[in-house]
Amino acid sequence: MDKVYSDARSALAGLVKDGMTIMAGGFGLCGIPETLIEAIRDSGAKDLTFISNNAGVDGIGLGRLLETQQIRKMISSYVGENKLFAQQYLSGELELEFNPQGTLAERIRAGGAGIPAFYTKTGVGTLIAEGKEVREFNGEKYVMETGLFADISIVHAWKGDTEGNLVYRKTARNFNPMMATASRLTIAEVEHLVPAGEIDPDCIHTPGIFVKRIVHVPNPVKHIEQRTTRKRAEAAAPAGAGEEV
Amino acid sequence: MAWTREQMAARAAKELRDGYYVNLGIGIPTLVSNFIPKGMRVQLQSENGMLGMGPFPFEGEEDADLINAGKQTITELPTTSYFSSADSFAMIRGGHIDLSILGAMQVAENGDLANWMIPGKMVKGMGGAMDLVAGVKRVVVVMEHVAKAKDGSVEPKLLKSCTLPLTGAGVVDMVITDLGVFTIDKKGGSGMTLIELAEGVTVDEIKQKTEAEFKVALNGGRSNAA
């Protein structure tokens with residue numbers, strides 16, 4: 001069976017239905033499957049639930065699907081960069097479930113690995129733990145979180161082969177590998193598409209079993225949210241983690 | 001004289017040790033990377049999936065695939081590794097990161113931390129903050145001693161108990177403000193202790209600006225942060 005589709009629209013043809021749950025990879029605008037997001041916009045499907053760390057920015061990434069009001073619910077850890085999001089949320093059009101970022105990542109990993117639930121110390125004693133089982137292990141409290149599994153996952157990789165094996169580039173990896181495992185059908189867009197056998201099997205991040213459809217998107221436009229640089233003369237201090245608080 | 005942002009960052013840098021893996025939050029915590037002592041090996045972790053974070057790139061060398069958790073463009077080092085968000089939080093939740101330095105809206109004398117939401121305002125989300133404070137071995141908060149509102153009024157941030165929704169319960173080990181340094185016995189439950197004063201700051205001034213109860217144990221008197 002050929003996994004390669006000629007473009008994003010044909011890769012999604014007949015797949016996207018109203019009310020579906022879709023995972024979309026990326027952190028901020030880094031490593032987002034933008035071409036596939038546009039194809040979902042063009043599909044016209046509505047009342048979608050998106051599981052994605054962020055919600056894009058106005059006019060980019062999932063921001064495009066907010067413009068067309070195709071998203072009913074977001075499961076995310078941080079949505080601060082999107083004015084339209086705030087508007088739709090405050091007016092009640094958009095439902096929002098916040099997950100701590102590590103809990104979100106692990107819920108997706110667990111869902112893809114056939115693990116229905118797990119315990120974590122993240123969020124114990126906070127709003128996040130309300131209504132959830134709390135259990136003690138070795139004298140410490142942990143809250144139970146459930147695995148996530150979606151109808152469709154859309155991911156962005158740097159390189160892929162015709163078998164669906166994927167390689168990500170730098171911090172554009174982020175949520176993409178777990179999301180590729182955690183749906184009934186995963187579609188990958190890749191910047192470079194090569195024949196099977198060309199990628200060193202030792203260097204494959206996502207084995208092709210997790211990827212059902214693949215689209216070649218050469219030279220995608222990539223966006224930078226916070227362009228920060230230094231002058232040539234400056235001392236080379238590390239830039240800091242810039243944790244989202 | 002209260003400490004400047006740079007002096008607070010320099011004081012926080014004294015908590016670094018050779019060989020540490022460290023996660024720095026945005027704002028003043030980011031500045032800590034400017035004060036890593038020469039010859040000390042410290043690897044900075046960025047929770048979006050990178051260990052061994054380098055400096056900001058030179059103009060024209062920005063790479064959209066290479067950002068930190070604040071979505072800023074950065075660079076890699078010879079020590080750098082990349083990994084998924086699941087692996088990143090395995091490092092964090094699994095206790096493999098030695099130190100997390102982050103900002104706060106409120107800290108309570110029992111180590112409770114609030115820094116992610118103000119009820120009634122649009123909430124952006126907690127990002128990785130809840131995982132960091134729950135999982136990292138040692139948590140150091142760097143923040144202004146009081147919150148100054150637009151109308152000029154001043155609210156204490158070191159409290160008997162947090163009034164804002166918590167990011168973590170009993171998680172903070174140390175608080176560095178512009179006025180001094182406090183330790184918190186988050187496990188033992190013996191509360192908060194003032195251990196250092198910024199230059200020219202008195203214990204009385206701190207008592208005035210602090211709601212939390214604290215003991216005073218100034219090691220060697222005043223400290224010179226910068």
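Keep in mind that this is a model prediction, so the values were computed, not measured.

**Digging into the interface of chain B and chain A**
Contacts between the two partners involve 66 residues from chain B and, on the opposite side, 62 residues from chain A. In this assembly, chain B packs against chain A so that about 5,500 Å² is buried in total across both faces, 60% of it on carbon and sulfur atoms. By the criterion of area lost to chain A, the three top residues of chain B are Phe58, Asp65 and Lys71 of chain B, representing 15% of everything that side buries. Counting across the chain B and chain A interface gives 6 salt bridges. Between aspartate 65 of chain B and arginine 169 of chain A there is a salt bridge; the shortest N-O distance is 2.8 Å.

**Section: the sheet that holds strand E6 (residues 117-120) of chain A**
Residue and element names in this part refer to chain A. Here we have 3 strands laid out as an open sheet, ordered E6-E8-E7, and antiparallel in their pairing. The sheet is open, and its two edges are formed by E6 and strand E7 (134-137), each paired on a single side. Sheet twist, expressed as the mean angle between neighbouring strand axes with direction ignored, is 40 degrees. Sheet strands touched by helix H5 (residues 101-112): E6 and strand E8 (140-146). Its angle to E6, the strand with the most contacts, is close to 150 degrees.

**Remarks on the side chain of threonine 167 of chain B**
With respect to the secondary-structure elements, threonine 167 of chain B resides in the loop between strand E11 (158-159) and strand E12 (174-176). At 2.6 Å, the side chain of threonine 167 of chain B forms a polar contact with the side chain of asparagine 115 of chain B. Apart from residues no more than four positions distant in its own chain, threonine 167 of chain B is found in contact with Thr126 of chain A together with Leu113, Ala114, Asn115, Trp116, Ala129, Met130 and Val133 of chain B.

**Re the pattern of salt bridges**
Here the idea is simple: oppositely charged side chains can pair when their charged atoms come close. Under the definition given, this model contains 27 salt bridges over all chains. Between arginine 169 of chain A and aspartate 63 of chain B there is a salt bridge, with the nearest N and O atoms lying 2.6 Å from each other. A residue pair is termed interchain when its members come from two chains, as with arginine 169 of chain A in the loop between strand E10 (166-167) and helix H6 (176-181) and aspartate 63 of chain B in the loop between strand E3 (50-53) and strand E4 (76-82). Connected through shared salt-bridge partners, Arg72, Lys73, Glu95, Glu97 and Arg107 of chain A make up one network.

**Some words on the side chain of serine 77 of chain A**
With respect to the secondary-structure elements, serine 77 of chain A resides in the loop between strand E4 (71-76) and helix H4 (83-90). Within the local environment of serine 77 of chain A, its side chain forms a polar contact with the side chain of asparagine 53 of chain A, the two groups lying 2.7 Å apart.

**Digging into the pairing of E7 of chain A**
Residues and elements named next belong to chain A. Pairing analysis gives 4 bridges linking E7 to E8, with the strands arranged antiparallel. Directly across from valine 134, in E8, lies its bridge partner valine 143. The turn linking E7 back onto E8 is made up of 2 residues, and asparagine 138 within it adopts a positive phi angle of 50 degrees.

**A few points about unusual backbone geometry**
Residue and element names in this part refer to chain A. Non-glycine residue glutamine 69 carries a positive phi angle of around 55 degrees. Within the secondary structure, glutamine 69 is located in the loop between helix H3 (63-67) and E4. Positioned with a positive phi, asparagine 219 is a non-glycine residue whose angle comes to about 50 degrees.

**As for helix H3 (residues 85-93) of chain B**
H3 of chain B sits mainly inside the fold: 7 of its 9 residues count as buried. Along H3 of chain B, the residues that are buried comprise Ser85, Ala86, Ser88, Phe89, Met91, Ile92 and Arg93 of chain B. On the buried face of H3 of chain B, the contacting elements are H5, E6 and H6 of chain A together with strand E2 (43-46) and helix H4 (129-135) of chain B. Of the residues flanking the end of H3 of chain B, it is glycine 95 of chain B, one or two places downstream, whose phi is positive at about 80 degrees.

**Notes on the pairing of strand E5 (residues 95-98) of chain A**
Residue and element names in this part refer to chain A. Along E5, the buried face is formed by Leu96 and Phe98; none of Glu95 and Glu97, which line the opposite face, is buried. Two strands pair when backbone bridges link them, and E4 and E5 are joined in this way by 4 bridges, in the parallel orientation. Counterpart to lysine 73 in the pairing with E5 is glutamate 95. Crossover E4 to E5 through H4 is right-handed.

**Some thoughts on the sheet that holds strand E14 (residues 191-197) of chain B**
Residue and element names in this part refer to chain B. In spatial order, the strands read E4-E3-E2-E1-E5-E8-E12-E13-E14-E15; together these 10 strands make up an open sheet with mixed pairing. Strands with a single pairing partner mark the edges of an open sheet, and in this sheet they are E4 and strand E15 (214-216). Strand-to-strand twist across the sheet, computed as the mean angle between neighbouring axes with direction ignored, equals 25 degrees. Where E12 and strand E13 (residues 180-185) come together, 3 bridges link them in antiparallel fashion. Looking across to E13, one finds that methionine 174 is bridged to threonine 183. Across the face of the sheet, helix H1 (residues 5-13) comes into contact with strand E5 (99-102), strand E8 (138-142), E12, E13 and E14 while running at roughly 155 degrees to E12.

**So, the packing of aromatic side chains**
Taken as a whole and assessed by the stated rule, the structure comprises 4 aromatic pairs over all chains. The interplanar angle of 90 degrees and the centroid separation of 6.2 Å between the aromatic rings of phenylalanine 98 of chain A and tryptophan 116 of chain B together place this pair among those described as edge-to-face. Placement of the pair is phenylalanine 98 of chain A in strand E5 and tryptophan 116 of chain B in the loop between strand E7 (113-114) and H4, with the two residues belonging to separate chains. Each member of the pair, phenylalanine 98 of chain A as well as tryptophan 116 of chain B, is classed as buried. Taking 5.1 Å as the distance between ring centres and 65 degrees as the angle between the ring planes, the aromatic pair formed by tyrosine 119 of chain A and phenylalanine 137 of chain A counts as edge-to-face. Taken together, the residues span a long stretch of sequence, with tyrosine 119 of chain A in strand E6 and phenylalanine 137 of chain A in strand E7 at a distance of 18 residues. The exposure class assigned to tyrosine 119 of chain A is partly exposed, which follows from its relative accessible area of 26%. Taken together, the ring pairs in this structure connect Tyr119, Phe137 and Tyr142 of chain A into an aromatic cluster. Just above the ring of phenylalanine 58 of chain B sits the side chain of arginine 230 of chain A; from NZ or CZ to the centre is 3.9 Å.

Reading the values: rules and limits
Residues numbered from 1 in each chain as written. Chains lettered and ligands numbered in written order. Predicted model: local features only at pLDDT ≥ 70, side-chain atom pairs only at ≥ 80, totals over all residues. Heavy atoms only, no water. Contact = heavy atoms within 4.5 Å. Buried area = accessible area lost by both parts, 1.4 Å probe. Salt bridge = Lys/Arg side-chain N within 4 Å of Asp/Glu carboxyl O. Pairing = 2+ DSSP bridges. Helix = DSSP H or I, 4+ residues; strand = E, 2+ residues; numbered from the N terminus. Axes fitted to C-alpha atoms, helices over the stretch in contact; angles between N-to-C directions. Polar contact = N/O pair within 3.5 Å; in protein donor to acceptor, adjacent residues only side chain to side chain. Buried < 20%, exposed > 50% of the residue type's maximum accessible area, 1.4 Å probe, protein only. Right-handed = clockwise from strand over helix to strand, strands pointing away. Phe/Tyr/Trp six-rings, centres within 6.5 Å; stacked < 30°, edge-to-face > 60°. Lys NZ or Arg CZ within 6 Å of the ring centre and 35° of its normal.

All quantities given are derived from atomic positions and should not be read as evidence of function.
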